[in-house]
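Geometric and topological summary
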Protein chains: 2
Amino acid sequence: MRERDVIKFLSEKLPIGDDCAVISLKKTNLLLTTDMLHRQTDLPDGMTPYTMGWRAVAVSLSDIAAMGGRPLGVVIALGAPEFERKFLEELLDGALACCDVCETKLLGGDTDRHSELTIVTTALGEAQKPVMRSGAHPEELVCVTGDLGRTAAALELLKAKEYEQANALLRFTPRLREGQALAPLASSMIDISDGLVRSLYQLGEASQVGFKIDATAVPFALEVEELARTQDELFEMGLFFGEDFELLFTLPQERLLDARRACEFTVIGRVVPKGEGITMQLGPERIVLPDRGYEH
Amino acid sequence: MRERDVIKFLSEKLPIGDDCAVISLKKTNLLLTTDMLHRQTDLPDGMTPYTMGWRAVAVSLSDIAAMGGRPLGVVIALGAPEFERKFLEELLDGALACCDVCETKLLGGDTDRHSELTIVTTALGEAQKPVMRSGAHPEELVCVTGDLGRTAAALELLKAKEYEQANALLRFTPRLREGQALAPLASSMIDISDGLVRSLYQLGEASQVGFKIDATAVPFALEVEELARTQDELFEMGLFFGEDFELLFTLPQERLLDARRACEFTVIGRVVPKGEGITMQLGPERIVLPDRGYEH
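Along each chain, the written sequence defines residue order, and numbers are assigned to residues from 1. Chains carry letters from A onward and ligands carry numbers from 1 onward, assigned in written order. This being a predicted model, a pLDDT of at least 70 is required before a residue's local features are given, and a value of 80 or more before pairs of side-chain atoms are given or counted; all residues contribute to the totals for chains, interfaces and linings. In computing side-chain properties, one takes all heavy atoms of the structure into account and sets aside hydrogens as well as water.

Looking now at the overall build of chain A. Strands are runs of DSSP state E lasting at least two residues, helices are runs of H or I lasting at least four, and both sets are numbered from the N terminus onward. When its secondary structure is counted, chain A shows 11 helices and 12 strands. Relative to the 2.2 N^0.38 estimate, which gives 19 Å for 296 residues, the radius of gyration of chain A is 19 Å and therefore close to what a compact globule would have. Expressed along its principal axes, the backbone C-alpha trace of chain A runs to roughly 55 × 55 × 40 Å. With a 1.4 Å probe rolled over the protein chains alone, any residue whose accessible area is under 20% of its type maximum counts as buried; one over 50% counts as exposed, and the rest are partly exposed. Counting over 296 residues, chain A shows a buried share of 60%. In this analysis, two residues are considered to be in contact whenever any of their non-hydrogen atoms come within 4.5 Å of each other. A sequence separation of at least 24 residues applies to 84% of the contacts in chain A between residues at least 6 apart. All accessible areas in this document rest on Shrake-Rupley with a 1.4 Å probe, and a residue is counted as covered only by the protein chains that are shown. Accessible surface computed for chain A: about 12000 Å², of which carbon and sulfur atoms make up 49%. Charged residues are defined narrowly, with Lys and Arg counted positive, Asp and Glu counted negative, and His plus the chain ends left uncounted. Lysine's charge is taken at NZ, arginine's at CZ, aspartate's at CG and glutamate's at CD. In chain A, 31 side chains carry a positive charge and 47 a negative one; their mean positions are 4 Å apart. The globule rule is 2.2 Å times the number of residues to the power 0.38, and the radius of gyration it is compared with is taken over C-alpha atoms.

This is how it looks when you write it as structure tokens:
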């Protein structure tokens, strides 16, 4: 089975379909999310242990951010064939530093012998009103925080042995502040873990809507614009590659001013009826964006 | 580094040292725990996908039980080189069945390509008064629920191709009911995931006490008594092997009657001052129990 079929199969059996599991308590909702990173696909050669630890924590906190949540804590589990003290120390320092920046705590850790280096992080958060993927309506604005393609650019830089710049790009700060500021305003939200286009499809499916994106409005990261030699490469890195962990959200037009006061973001298009599909205006052309992205 | 050194190193950096991370909310405490099972050490040949799913959930719920908690939900993440529909379906059925028995819900699932089969489960629970590992005092009683050595026996049965009986033994029911019933009474508690002796050392270290165990009182599982050919084998399977997930707890003598009304268990010894170490009375001899167990 392909990953997408697996997810579809799981979603028939389980209440999945958002960035976190939501557990209602009396006065708030708990948000729970687990992520698994492993050597082959997520921890390439040249990524420092510090960056690995940072990123493992950041990936899970990004899921909390995507629902407008406040983090309550993170636990980390590490599987490796061998544990070297220096490696472990640096990795933990990275994880702790990311927790610090996000004003949360690393609450626990566990290790396990494992043939492939594997880092599992679990984040717990809370949100009085979690922002789901399912609340978008036609006519609303489509927006993203930050810029796109940083991880794709970082991997290119790793290949070119530009380790320092690459690692700096890989240590993204989860958009917790933005997520919380947008929570009362956004009608739907998701983090861009599988690429902008795949995330649009996920949002579209949950909300039963389509999207029309304006290519000229999409904020590509400077590094991507420098590295990409053709428009195809630019789109590949910025629209499809993913692992960017920016927030993609929809906003009723009348809340735009309030949202601008809440945080920085870019309007990249509009929500349209589902029948119109997911398209991008590229000069005079309106192209259909194919439903593909980073499968990991 | 050996696993024990790794844990020691982690515990210097992180607030670990109990079965779950504890997060205080206004009116309750949240309990958070993550476990990673993988093919090589935790999912041997002959274990059915149904048993794998059951056991992955049960291992995490056992950590909630060990703190006297009530489960709020479980999320599961699965890594495998390939996903077959039938395998996934059976695994999920096992996970769902265990959640059912424990009156909790599977709230989310995720999958990931991975060279080695890996199942990661995270359980969230709550407890108004979590039972820590650190509350034991000299003179108190040492007790265990159920009987010991079932997983060790199950692995022997797998080798003998007695698949059905082995899988049944492997699908243990987490001691949630017992944990909650004992929470107001027990002074310290832990689940026996690394073997009785290793768990005694963990409890002893957290509480700064020693233990004196009575060999004749230890409840070995019937299957272990049948399979073990010598006393050494019996002790190996029942005292050191672990993965039993029974609760080990300490109890002030005056609460014994209340505890007997709360659930079934066996008194196996007494808490003693730390200086006396961790020993077992075996006929006329008092032997020192070596600090070793199942490292996984």
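Our next topic: the relation of the copies chain A and chain B. Put simply, the two copies of the chain differ by a rotation about an axis and a shift along that axis. The transformation that overlays chain A on chain B combines an axial shift of 0.0 Å with a rotation of 180°, and the residual RMSD is 0.0 Å. Between the two chains, the operation in question is that of a two-fold axis. Of all interface residues in chain A, 100% are interface residues in chain B too; the two copies therefore contact each other through one and the same surface. The least-squares superposition of copies is restricted to C-alpha atoms, and to residues with a pLDDT of at least 70 in both copies.

Time to look at the pairing of strand β3 (residues 70-80) of chain B. All names here are of chain B. Among the 11 residues of β3, 10 are classified as buried, and the element is accordingly described as predominantly covered. Where β3 and strand β5 (residues 118-127) come together, nine bridges link them in antiparallel fashion. Across the sheet, Ala77 pairs through a bridge with Val120, a residue of β5. Where β3 meets strand β4 (residues 106-113), seven bridges bridge the pair, whose relative direction is parallel. Across the sheet, residue Ala80 finds its bridge partner in β4, namely Arg113. A clockwise path from the first strand over the helix to the second, with the strands pointing away from the viewer, defines a right-handed crossover. Read as a crossover between parallel neighbours, the route from β3 over helix α4 (residues 85-101) to β4 is right-handed. Whether two strands pair comes down to DSSP finding at least two bridges between them.

This paragraph deals with unusual backbone geometry. Positive phi outside glycine occurs at A:Lys161, with the angle close to 60°. Among the secondary structure elements, A:Lys161 is positioned in the loop between α5 (150-159) and α6 (163-170). Owing to a relative accessible area of 60%, A:Lys161 belongs among the exposed residues under this scheme. Positive phi, normally seen in glycine, also occurs at B:Phe245, with a value near 60°. Within the secondary structure layout, B:Phe245 lies in the loop between α10 (231-240) and β9 (247-251).

Cysteine sulfur atoms are paired as a disulfide whenever they fall within 2.5 Å. Under the counting rule described, the total for this entry stands at zero disulfides over all chains. B:Cys143 takes part in no disulfide bond, and the closest cysteine sulfur, belonging to B:Cys263, lies 9.1 Å away.

Next up on the list: helix α8 (residues 196-207) of chain A. Residue and element names in this part refer to chain A. The terminal C-alpha atoms of α8 lie 16 Å apart, and with 12 residues this matches the ideal 16 Å at 1.5 Å per residue to within 8%. Those residues of α8 that fall on the buried side of the exposure criterion are Leu196, Val197, Arg198, Ser199, Leu200, Tyr201, Gln202, Leu203, Gly204 and Ser207. With its phi angle positive at about 60°, Gln208 sits one or two positions after the end of α8. Between the first and last residue of a helix there are one fewer steps than residues, each counted as 1.5 Å, and that sum is the expected span.

The subject of this paragraph is the domain arrangement of chain A. Residues and elements named next belong to chain A. Each domain's limits were defined by an automated method or a database of domain assignments. Entries for chain A in the domain assignment read domain 1 (3-127) and domain 2 (141-288). Here domain 1 and domain 2 have C-alpha centroids that lie 22 Å from each other. Carbon and sulfur atoms supply 60% of the area that domain 1 and domain 2 bury against each other, a total of about 2000 Å² over both sides. Accessible area, probed at 1.4 Å, shrinks when two parts are joined; the buried area is that loss added up over both. For domain 1, the biggest contributors to the area lost against domain 2 are Trp54, Arg55 and Ala65; these three give 25% of the whole. We count a salt bridge whenever a side-chain nitrogen from Lys or Arg sits within 4 Å of a carboxyl oxygen from Asp or Glu. If you look at where domain 1 meets domain 2, you find one salt bridge. A salt bridge links Glu243 to Arg55, with the shortest nitrogen-to-oxygen separation between them at 3.6 Å. We call two N or O atoms a polar contact when they sit within 3.5 Å, provided that within protein one can donate a hydrogen and the other can accept it, with sequence-adjacent residues counted only if both atoms are side-chain atoms. Counting every contact that joins domain 1 to domain 2 gives 10 residue pairs in polar contact (both at pLDDT 80 or more). For the side of domain 1 that touches domain 2, the elements supplying multiple residues, two or more each, are α3 (49-65), β3 (70-80) and α4 (85-101).

Let's shift gears to the sheet that holds strand β6 (residues 141-144) of chain A. All names here are of chain A. If you trace the seven strands from one edge of the open sheet to the other, you get β7-β9-β6-β10-β8-β11-β12, paired in mixed fashion. Bordering the open sheet on either side are β7 (188-191) and β12 (285-288), each of which pairs with just one other strand. In this sheet, neighbouring strand axes are inclined to one another by 25° on average, regardless of whether the strands run parallel or antiparallel. Relative to strand β9 (residues 247-251), β6 runs antiparallel, the two being bridged by four bridges. Residue pairing across strands places Val142 opposite Thr250, the latter belonging to β9. Lines fitted to C-alpha atoms define the axes here, with helix axes fitted over just the stretch in contact, and angles between the N-to-C directions of these axes take values from 0 to 180 degrees. On top of the sheet, α8 reaches β6, β7, β8 (209-214), β9, β10 (266-273) and β11 (278-282); it is set at about 145° to β7, its chief contact.

Bringing empty space enclosed by the protein into the picture now. The pocket and cavity definitions rest on a 1 Å grid over protein atoms only: a 1.4 Å probe that fits but cannot leave marks a cavity, an open set with protein on both sides within 12 Å along at least five of seven lines marks a pocket, and residues lining either have an atom within 4 Å of a point. Grid points are joined across faces, edges and corners, and a volume is the space filled by probe spheres set on the points. Counted by the stated rule, this structure contains two cavities of 30 Å³ or more. Lining the largest cavity, in full, are A:Leu10, B:Ile76, B:Leu78, B:Leu88, B:Leu91, B:Leu92, B:Gly109, B:Asp110 and B:Thr111. Counting residues per element, the ones that place at least two in the lining of the largest cavity are β3, α4 and β4 of chain B. Gly is placed with the polar residues, together with every amino acid not listed as nonpolar (Ala, Val, Leu, Ile, Met, Phe, Trp, Tyr, Cys and Pro) or charged (Asp, Glu, Lys and Arg). In terms of residue class, the lining of the largest cavity is made up of six nonpolar, two polar and one charged. Taken as a whole, the second largest cavity spans an internal volume of roughly 50 Å³.

Attention shifts here to the interface of chain A and chain B. Between chain A and chain B, the contact holds 52 residues from the first and 52 residues from the second. Both sides together, the interface formed by chain A and chain B hides about 4900 Å², and carbon and sulfur atoms give 67% of it. Broken down residue by residue, the surface that chain A buries against chain B is led by A:Met1, A:Met36 and A:Leu107, which jointly contribute 13%. In this structure, the connection of chain A to chain B is made through zero salt bridges. For the pair chain A and chain B, the interface holds three residue pairs in polar contact (both at pLDDT 80 or more). Elements supplying a minimum of two residues to the side of chain A that touches chain B: α1 (3-13), β1 (21-24), β2 (29-38), α2 (39-42), β3, α4, β4 (106-113) and β5 (118-127) of chain A. The element best represented in the side of chain A that touches chain B is β4(A), accounting for eight residues.

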